[in-house]
Amino acid sequence: MKKIVKLFVGVIAASSILAGCGAQKGIKEAEAQNVPNVQETVNTAEVVESSSTEATNEVAEKETSAEASTSSSEEETTIADADSTTLFDQFMAGEIDAIYYDYDGNEQTISAEDLSFNGEEWDATIFFGYKDVDNDGEEELLLQGPYGFDLFDIQDGKLVLFARGEGAGATCLLADYEDKIWVVYAHAYADEEYYNFDLYNGSETIENSFGIIAETDESGNTTYKYNNMNGETNTITAEEFEEIASSILDY
């Protein structure tokens, strides 16, 4: 912030009247006192000019300092942003661990070394890319393994695994549904298909959730259901089920 320095220059005049032996001498001396001293005037002007120059220099120095501070602040912000994005690379290089929370809410850690990046193994993990999957305007790291996606986000300067596939009965998928990205847990068997859709609103906050179910009985009859986030279940048509389920195929 620029500060304006105002100069207040005060001129103090001091005079003394010298007493003489005669009236004429006293008058001359009195007249002499009223005549400005040129050298003193010059010196005073030099002091004022010097003070003004110093003040101007001080203002310039403060402006330069302020600009440098602003530039430094901008640079630090840029560096901080750059450092936060490299957490993904550091994790992939095995330099840092990611954290996640188990079913009991306890913090755990996971390393890239815990994942198999050998493409020939059944449980291989591959780098899928970056995409905004929690709808906060910032891209997350996506890895794809035998049970679907592992989704990593940067939260409070830490790398967090906030969603992942938990097995054949809870494969983690993604769906582009109603112009939003949903994290989907899929459970698909011969007699039952179940898909749970979670809409994240940044971080680990789930804004909305619903599920669709297709159950087939022993006679081959299939019933389609829709569960909303309030726990209510409604019957839907096969076409409605397929319309929602097909949104997963984009991935």
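Draft legend 1. Inspection of the side chain of Asp150 at higher detail. Within the secondary structure layout, Asp150 lies in strand 5 (residues 148-155). What makes Asp150 buried here is its relative accessible area of 8%.

Draft legend 2. Representation of a negative patch on the surface in the model. Negative charge collects at one region of the surface, where Asp176, Glu178, Asp179, Glu239, Glu240, Glu242 and Glu243 lie side by side. Examining the composition of the negative patch, we find that four residues originate from one element, helix 4 (residues 238-245), more than from any other. By secondary structure assignment, the location of Asp179 is in the loop between strand 7 (171-177) and strand 8 (180-188). Classification of Asp179 by relative accessible area gives exposed; the value is 77%.

Draft legend 3. Structural view of the nonpolar core. Judged by nonpolar contacts, the single largest core of 17 residues is most densely connected at Trp182, Tyr195, Phe197, Phe210, Ile212 and Phe241. Mapped by element, the contributors of at least two residues to this core are strand 7, strand 8, strand 9 (192-200), strand 10 (206-216) and helix 4. Look past the residues within four positions of Phe241 in its chain and what remains in contact with it is Glu193, Tyr195, Ile212, Ile213, Ala214, Tyr224 and Ile236. Counting residues in each nonpolar core, the second largest holds 15 residues, with Leu142, Val160, Cys172 and Tyr185 among its members.

Reading guide: rules and limits
Residues numbered from 1 in each chain as written. Predicted model: local features only at pLDDT ≥ 70, side-chain atom pairs only at ≥ 80, totals over all residues. Heavy atoms only, no water. Helix = DSSP H or I, 4+ residues; strand = E, 2+ residues; numbered from the N terminus. Buried < 20%, exposed > 50% of the residue type's maximum accessible area, 1.4 Å probe, protein only. Patch = residues over 30% accessible without salt bridge, like charges linked within 9 Å, V, L, I, M, F, W, Y side chains within 5 Å. Areas by Shrake-Rupley, 256 points an atom, 1.4 Å probe, with all protein chains shown as cover. Salt bridge = Lys/Arg side-chain N within 4 Å of Asp/Glu carboxyl O. Lys, Arg positive; Asp, Glu negative; His and termini not counted. Charge placed at Lys NZ, Arg CZ, Asp CG, Glu CD. Core = buried A, V, L, I, M, F, W, Y, C linked by side-chain atoms within 4.5 Å. Contact = heavy atoms within 4.5 Å.

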